[in-house]
Amino acid sequence: MPGDDTAMTCATCGRSVPSDDSAVLLTWARAMENGRPVWTCDVCSRTHLRSIEAKLDATWW
Ligand SMILES: [Zn+2]
């Protein structure tokens, strides 16, 4: 079924959304990990931002 591959899943909380949602593309953060794109949703981005500012912890990533 076409479209299955276009879903974006948050690597942190597992939330999944269709990648053709422009609001999602604006608010989700993409990182590259082992050559693969890793998506982080807006909520987790904020959570991580806070934890990064509080304490740099590599195990989060
Ligand atoms: Zn998330």
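Structure first, text after, so check above.
This is a predicted model, so every value here is computed, not measured.

**Points about the pattern of salt bridges**
Pairing between side chains of opposite charge can happen when their charged atoms approach one another. Enumeration over the complete set of coordinates arrives at one salt bridge. For the salt bridge of aspartate 42 with arginine 15, the shortest nitrogen-to-oxygen distance reads 2.9 Å. Of the two residues, aspartate 42 is situated in helix H2 (residues 42-54) and arginine 15 in the loop between strand S1 (7-9) and strand S2 (16-18); the sequence distance between them amounts to 27 residues. Relative accessible area serves as the criterion here: at 35%, arginine 15 is assigned to the partly exposed category.

**Thoughts on the nonpolar core**
Formed by Met8, Cys10, Val17, Val24, Trp28, Trp39, Cys41 and Cys44, the largest nonpolar core amounts to eight residues. Not counting residues up to four positions away in its chain, the partners in contact with methionine 8 are Arg15, Ser16, Val17, Ser19, Val24, Leu25, Trp28 and Trp39.

Conventions and cut-offs
- Residues numbered from 1 in each chain as written.
- Predicted model: local features only at pLDDT ≥ 70, side-chain atom pairs only at ≥ 80, totals over all residues.
- Heavy atoms only, no water.
- Salt bridge = Lys/Arg side-chain N within 4 Å of Asp/Glu carboxyl O.
- Helix = DSSP H or I, 4+ residues; strand = E, 2+ residues; numbered from the N terminus.
- Buried < 20%, exposed > 50% of the residue type's maximum accessible area, 1.4 Å probe, protein only.
- Core = buried A, V, L, I, M, F, W, Y, C linked by side-chain atoms within 4.5 Å.
- Contact = heavy atoms within 4.5 Å.

Any functional reading would require information that these geometric values do not contain.
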